[in-house]
Amino acid sequence: DMKTIYFVTPTYPRPQQVPELTRLAHTLMHVPRIHWIVADDQPTCSDQVSTILKRSGLPYTHISSPKPYIYKYANFPRGVANRRAALNWLLDNVSEGVLYFGDDDNTVDLQLFEEIRHTKRVSMFPVGLIGGYGVSSPIVKNGKIVGFFDSWPASRTFPVDMAGFAVNIEILNPSATMPFIAGHEEDKFLVSLGVKLEDIEPLAENCSKVLVWHTRTEKFKKPTLKINIDKLDNLPK
Ligand code: UDP
Ligand code: MN
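Remember, it's a predicted structure, so these values are computed and weren't measured experimentally.

## Remarks on the overall build of the protein chain
Of the regular secondary structure elements, the protein chain holds six helices and 12 strands. If you line up the protein chain on its principal axes, its C-alpha atoms span 60 × 40 × 30 Å. Taken over 237 residues, the protein chain has a buried fraction of 49%. Summed over all atoms, the accessible surface of the protein chain reaches about 12,300 Å², with 53% contributed by carbon and sulfur. If the 27 positive side-chain charges of the protein chain are averaged to one point and the 26 negative ones to another, these points end up 5 Å apart.

The structure is reproduced here in structure tokens:
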């Protein structure tokens, strides 16, 4: 039987939100057995996000999960309150399937979904467009992960990007959590799950292929025209 993939997307309002989520929805619409959990960094679920979710036809859960007020400074941990809310929802509602964290601005090859679907405990694979090396990847020797190639090791046990691993939901447990520490969310989450290097399944042809990219959209400069861009919401319902 085919496992369901729970694709967890933290998102927040800005001019690029609708285009990013539209593009991502159009990728996920090609994936069988996927459940999209969109965790909205807002005090209530936004209408523009719900409209995209409804129109996608995908099974989804829309969670309101604003960041705590103390994290509204520069260089705060991005998307943590929302990923935590999604983890709590999964713990309460789901007992089998595969969890994958997919940010709203990433780019995913459809091949990756078919590979992560078979994750037994934790699987890992390269992520393109990361840091100074341009790629972050596990290092594989004789089919086993023996180390990591990442431009910012920062004394992390698992120096990987959020998009670089998938987890079988059967190993999630209430003590698994993601900290509010910028740059250490992935590592501390994997350590809190009790992951051991020897348990990790390398995907993407022994980590020799890039099937997901940490794409980033250019910052949007406010138009000089004197209009209120928030009033330009003319999405079809
Ligand atoms: N994010 C969020 N609230 C914020 C900032 C970011 O929910 O205040 C989400 C964002 O939509 C994305 C993820 O957290 O899905 C990572 O943020 P971003 O892409 O800005 O970080 P980067 O990939 O550049 O590190
Ligand atoms: Mn991003």
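So, next bit.
## Observations regarding the sheet that holds strand β2 (residues 34-40)
Hydrogen bonds between backbone atoms are what pair the strands of a sheet, whose relative direction is either parallel or antiparallel. Read from one edge to the other, the open sheet built from seven strands follows the order β3-β2-β1-β4-β10-β6-β11, with strand pairing classed as mixed. Of all the strands in the sheet, the pair left with one neighbour each is β3 (60-64) and β11 (200-202). Direction aside, neighbouring strands of the sheet carry axes that sit 25° apart on average. In this structure, strand β6 (residues 122-124) lies alongside strand β10 (residues 165-168), joined through three bridges in antiparallel fashion. Bridging across to β10, Ser 123 finds its partner in Ala 166. Contacts between helix α2 (residues 47-56) and the sheet are confined to β2 and β3, with β3 contributing the most and set at about 170° to the helix. Running over the sheet, helix α3 (residues 80-93) touches β1 (5-11), β2, β3 and β4 (98-101) and is turned about 150° from β1.

## Some details on the coordination of the manganese ion (ligand 2)
Within the first shell, the manganese ion (ligand 2) binds the protein through Asp 105 (OD) and Asp 105 (OD), at distances of 2.2 to 2.6 Å. Locating Asp 105 in the fold gives a position in the loop between β4 and β5 (107-108).

## Focus: the site of ligand 1
As a structural note, the neighbourhood of ligand 1 is formed by 16 residues, with Pro 10, Asp 41, Arg 78, His 214 and Arg 216 the closest of them. Note that an oxygen atom of ligand 1 is positioned 2.8 Å from one of the side-chain N or O atoms of His 214. A total of 520 Å² of accessible area belongs to ligand 1 in isolation, and the protein chains cover 88% of it. Sorting the residues of the shell around ligand 1 by element identifies β1 and α3 as the ones contributing at least two each. Each residue belonging to the shell around ligand 1 can be placed in one class, and the counts come to three nonpolar, four polar and nine charged.

## A closer look at the packing of aromatic side chains
This model, assessed by the stated rule, comprises eight aromatic pairs. Residues Phe 7 and Phe 113 carry aromatic rings whose centres are separated by 5.9 Å and whose planes lie at 40° to one another, so their mutual orientation is tilted. Taken together, the residues Phe 7 in strand β1 and Phe 113 in helix α4 (residues 110-116) connect sequence positions 106 residues apart. By the burial criterion, Phe 7 is buried, and Phe 113 matches it. Note on Phe 101 and Phe 189: the rings are 5.7 Å apart at their centroids and 75° apart in plane angle, and the pair reads as edge-to-face. With Phe 101 in strand β4 and Phe 189 in helix α5 (residues 185-192), this pair connects stretches of sequence that are 88 residues apart.

Rules used in this analysis
Residues numbered from 1 in each chain as written. Chains lettered and ligands numbered in written order. Predicted model: local features only at pLDDT ≥ 70, side-chain atom pairs only at ≥ 80, totals over all residues. Heavy atoms only, no water. Helix = DSSP H or I, 4+ residues; strand = E, 2+ residues; numbered from the N terminus. Buried < 20%, exposed > 50% of the residue type's maximum accessible area, 1.4 Å probe, protein only. Areas by Shrake-Rupley, 256 points an atom, 1.4 Å probe, with all protein chains shown as cover. Lys, Arg positive; Asp, Glu negative; His and termini not counted. Charge placed at Lys NZ, Arg CZ, Asp CG, Glu CD. Pairing = 2+ DSSP bridges. Axes fitted to C-alpha atoms, helices over the stretch in contact; angles between N-to-C directions. Contact = heavy atoms within 4.5 Å. Donors = N, O, S within 2.8 Å, 3.2 Å for Na, K, Ca; no water. Near = heavy atom within 4 Å. Polar contact = N/O pair within 3.5 Å; in protein donor to acceptor, adjacent residues only side chain to side chain. Nonpolar A, V, L, I, M, F, W, Y, C, P; charged D, E, K, R; others polar. Phe/Tyr/Trp six-rings, centres within 6.5 Å; stacked < 30°, edge-to-face > 60°.

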